[in-house]
Structures are given as C-alpha cells and as structure tokens.
Amino acid sequence: MLLPKFDYHEPQTLEEALHLLSEYGGNAKLVAGGTDVLVRMKLKVDKPSHLISIDRIPGLDQVIPRERHGVTIGGGVTAAALSRHELIMDRFTPLAVAAGRLGAPMIRNRATIGGNLVNARPAADFPPPCMVLNATLRLKSNAGERDIPVCDFFRGPGETVIEPNELLVAIDLDTPPPWTGGAYIKLGERKALEISMVNVATLITLESPQGPITNARIALGAVAPTPVRAFAAEQLLIGETPSEELFRKAGEVGVGMCSPITDHRGTMEYRCMMIEVLTKRALGMALEQARSWKP
Ligand SMILES: Cc1cc2nc3c(=O)[nH]c(=O)nc-3n(C[C@H](O)[C@H](O)[C@H](O)COP(=O)(O)OP(=O)(O)OC[C@H]3O[C@@H](n4cnc5c(N)ncnc54)[C@H](O)[C@@H]3O)c2cc1C
C-alpha cells in the first residue's frame, strides 16, 4: 500500500511547528514516531496534505526530574526510553511497565507517549498508567498554553479534547507519596506484539507498611469507549486494611463501571471476568511494592 502524496515539514523549533500547525490547520497532522499516523494514511483513513514532524524539536524527547517534586516527560519520549528510565521504573512503575509491554522492540523505539495518548485508542497502553498517576497534559498552540488532567482528555475512540492547532508538549507527573506502590497488567491473546484485551493500572498508598490504605487508584483499558477510572472501586479501598477479599470486592465493583464489547479479541463476558481477576491481581502487586517502598 502506497502513501498518498503530502508535503513534509521538519521544524527545528516548537514555535516553528506551532506556526505550521496554525497555518495548515485541518490539512496538517503532526507526526512523532509515525507508527499510527502512517498506518492510517496507508489505509486512507487519514489524508493530511501536510505532515509536520516533531522529531527535531529540542526537549520533546527528554524526561526531566522537576526541581521539587515530580517529573516532566516530553510528548516525544519513546516507549523504549520510558521502559528503561530508572526514575520512571522506581517511582512511576505502572508507566514503565506499560511502556515495556507496548508493541515489539522496533515499535517501542519509535512509538511516543504523546502519539499514544492523542491517538486515543480504547486499548492503548499509556492511558491507564497516566490516569492512576494523575498526569497533567500540557497543550500548546500559537494562542497559548493550557493544562488538562488526563482523566478529562479522552472523549471516545480516537477522540480527545486536543484542538487541531495544539501540540502535546509534555506530561507532568507528581511523585507519589511514601509507601506507594503501583502495577500494570496487560492481557492479550499472546505475550508479544499484542493489543490489550483488558489492561489494568493500579496505585496504592499506605499509612505505614502494615497500615491501612490512605489512597487508591484503579484505571481500566479496552473495556469501554475510553479508558475508565474506577472511582467507586477506589472508594471501597480507602481507609481499609488491605486483604485479598477487599481487593476481590474492588474488582467486582470495577466490572460494574465498564461496558466491554465482544470482538475478535474476546467476548464481553470474558472481559468482565478478567477485569475482576486482573484488578485484584494488580492491587496485590501494588500492595507488595508499597510495603517495600524505599526512600
Ligand atoms: C505493529 C504495531 C503494534 C502496536 N502495538 C501497540 C500496543 O501494543 N499498544 C499500544 O498502545 N499501541 C500499539 N500500537 C500503536 C502505536 O504504536 C502507539 O499508539 C504509539 O504510541 C503512537 O505513537 P507515535 O509516536 O508513533 O504516534 P504517531 O503515529 O506519530 O501519531 C499518532 C497521532 O498522534 C498525533 N500526535 C503525535 N504526537 C503528538 C503530539 N506530541 N502532540 C499532538 N499530537 C500528536 C499525530 O498527529 C497522530 O494523529 C501499535 C502499532 C503498530 C503499527
């Protein structure tokens, strides 16, 4: 399949890219790793007459620890870079694990976190970990800058609140408090190069290693038109002493917050069962990490 004709731009600065975006408007598309946009163009789903690469814009491919508390991840950071970044592995574990499970090595070397979030596929790997880590997305256009909490970003399959003239510059994450642990589980039909049938990210904060849960977050992917924050299941956990039974109940409540479909990857019934099983398992993994938290 051949690509349709288009003009290719390689801006050297963010300002130049934003200027091109505003000039060509709906006829232009940004391209980061190209692993989604070029496939969609080959399939003739997208037909932009201008492609604007973000490859050469300085800083977009950087993971920068913030001076006081947290980290800023450039929109152009690849899955491969995130999967092996020490700070991300230690303090933002669900994100590092998800990055290591996205596609295959060749895809991970090109695919970016920004492209994955903006592409907004219901089964995508990055949205659930970004949700449990309470990420803030920084969007820039010629007209200015705005911050959007990731939970307000997704509108439906392939749809987000981003405007055609905006670029996702960075993802800001606050460092979770002490005695916090997190997990990410992706279930596919096979272990390699697979899109999720169900995916689950969790985060648990404890008062002390053997103490009650002071905060809990659960996000589920591939089980509704957008990724889902299971708020009711989280509420069940807060203030309680962790136990297998409690985590099982949270999984049960989580199922009620989803509306999975039957497709070639799995039936609705199987997905519901797996939401329960994987939520319980991912909460157990987060608990284990929270209890072994190190300063
Ligand atoms: C073989 C294969 C396997 C895959 N496996 C997985 C998988 O397991 N899990 C998964 O989640 N995905 C998977 N994908 C999908 C894809 O690789 C990811 O969604 C990837 O993260 C997209 O990033 P990208 O940089 O390639 O985006 P691109 O293709 O460059 O862009 C995607 C969309 O985002 C826009 N965009 C890109 N960057 C920005 C930005 N900074 N600001 C604003 N808009 C932007 C583009 O205009 C385009 O609309 C797979 C794809 C292929 C081809």
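Caption draft 1: Up close: a nonpolar patch on the surface. Together, Met1, Val39, Leu43 and Val45 give the surface a local cluster of nonpolar side chains, amounting to about 420 Å² of exposed area. Note that valine 39 resides in helix α2 (residues 37-42).

Caption draft 2: Up close: the sheet that holds strand β1 (residues 7-9). Spatial ordering of the open sheet is given by β1-β3-β2, a layout of 3 strands whose pairing is parallel. The sheet is open, and its two edges are formed by β1 and β2 (28-31), each paired on a single side. Neighbouring strand axes in the sheet, compared pairwise and without regard to direction, differ in orientation by 25° on average. Of the strand pairs in this sheet, β2 and strand β3 (residues 50-53) are connected by 4 bridges, and their pairing is parallel. Directly across from lysine 29, in β3, lies its bridge partner leucine 51.

Caption draft 3: A look at helix α10 (residues 244-256). Given a rise of 1.5 Å per residue, 13 residues ought to cover 18 Å, and the 19 Å separating the end C-alpha atoms of α10 matches this to within 8%. Among all positions in α10, only Leu246, Phe247, Ala250, Gly251, Gly254 and Val255 are buried.

Caption draft 4: Local environment of the site of the ligand. Within the structure, the ligand sits among 28 residues, and Leu30, Thr35, Asp36, Thr112 and Asp125 are positioned closest to it. Within the backbone of glycine 33, an N or O atom sits 2.7 Å from an oxygen atom of the ligand. Protein chains shield 88% of the accessible area of the ligand, which is 990 Å² for the free molecule. Counting residues per element, the ones that place at least two in the shell around the ligand are β2, α6 (105-110), α7 (113-119) and β10 (167-173). When its residues are assigned to classes, the shell around the ligand shows 15 nonpolar, 7 polar and 6 charged.

Caption draft 5: Spatial organisation of the side chain of asparagine 199. Looking at the element boundaries, asparagine 199 is found in strand β12 (residues 198-206). One polar contact links the side chain of asparagine 199 to the main-chain carbonyl oxygen of alanine 124, over a distance of 3.3 Å. Looking at asparagine 199, its side chain comes within polar contact range of the side chain of serine 196, at 3.0 Å. If we ignore the near neighbours within four places in the chain, the residues touching asparagine 199 are Ala123, Ala124, Asp125, Pro128, Tyr184, Ile185, Lys186, Ala219, Leu220 and Gly221.

Caption draft 6: Up close: the pattern of salt bridges. In this structure the tally under the stated criterion is 13 salt bridges. Note that aspartate 174 is salt-bridged to arginine 66, the shortest N-O span being 2.5 Å. With aspartate 174 in the loop between β10 and β11 (180-187) and arginine 66 in the loop between β4 (63-65) and β5 (71-74), this residue pair connects regions lying 108 residues apart in the sequence. Taking relative accessible area as the criterion, arginine 66 reaches 28% and is therefore assigned partly exposed. A salt bridge links lysine 186 to aspartate 125; the shortest N-O distance between them is 2.8 Å. One end of the pair, lysine 186, is in strand β11; the other, aspartate 125, is in the loop between α7 and α8 (127-132), and 61 residues separate them in sequence. Overlapping salt bridges, with partners in common, bring together Arg66, Arg138, Asp172 and Asp174 in one network.

Caption draft 7: Region of the structure containing unusual backbone geometry. Phi at lysine 44 is positive, roughly 65°, even though this residue is not glycine. With respect to the element layout, lysine 44 can be found in the loop between α2 and β3. For lysine 44, a relative accessible area of 43% gives the class partly exposed. The phi dihedral of alanine 120 is positive, around 55°, even though this residue is not glycine. Structurally, alanine 120 can be placed in the loop between α7 and α8. On the basis of relative accessible area, alanine 120 is assigned to the buried category, the value being 4%.

Caption draft 8: Structural detail: the sheet that holds β11. Pairing is antiparallel in the open sheet, where 4 strands are placed in the order β11-β12-β13-β14. At either margin of the open sheet sits one strand with a lone partner, and together these are β11 and β14 (228-229). Taken together, the 8 bridges between β12 and strand β13 (residues 213-221) define a ladder with antiparallel strand orientation. Residue pairing across strands places threonine 202 opposite isoleucine 218, the latter belonging to β13. Packing of helix α11 (residues 268-291) onto the sheet brings it into contact with β11, β12 and β13, and relative to β12 it is tilted by some 35°.

Cut-offs used in this document
Every chain's residues receive numbers from 1 upward, in the order its sequence appears when written. Under the rules for a predicted model, residues below a pLDDT of 70 receive no local features and side-chain atom pairs below 80 are neither given nor counted, while totals for whole chains, interfaces and linings still include all residues. As a rule here, side-chain values come from all non-hydrogen atoms in the structure, and water together with hydrogens is ignored. Nonpolar side chains (Val, Leu, Ile, Met, Phe, Trp, Tyr) are joined into patches within 5 Å and like charges within 9 Å, using only residues with over 30% relative accessible area and no salt bridge. Here, Shrake-Rupley sampling with a 1.4 Å probe gives the accessible areas, and only protein chains in the shown set may cover a residue. A carboxyl oxygen of Asp or Glu within 4 Å of a side-chain nitrogen of Lys or Arg is what we treat as a salt bridge. What counts as a helix is a DSSP run of H or I of at least four residues, what counts as a strand is a run of E of at least two, and both are numbered from the N terminus. At least two DSSP bridges between two strands are required for those strands to pair. Axes here mean lines fitted to C-alpha atoms, for a helix over just the part in contact, with angles spanning 0 to 180 degrees between N-to-C directions. Each helix should span, by expectation, one fewer than its residue count multiplied by 1.5 Å. Each residue is assigned to one of three classes by its accessible area relative to the maximum for its type, calculated with a 1.4 Å probe on protein chains only: buried under 20%, partly exposed between the two thresholds, exposed over 50%. The rule for a residue being near a molecule or strand is that one of its heavy atoms must lie within 4 Å of it. As used in this structure description, the phrase polar contact means that two N or O atoms lie within 3.5 Å; if the pair is within protein, one of them must be able to donate a hydrogen and the other to accept it, and residues adjacent in sequence are counted only when both atoms belong to side chains. Ten residue types, Ala, Val, Leu, Ile, Met, Phe, Trp, Tyr, Cys and Pro, are classed as nonpolar, four, Asp, Glu, Lys and Arg, as charged, and the remainder, Gly among them, as polar. Contacts are assigned to residue pairs that have any heavy atoms within 4.5 Å of one another.

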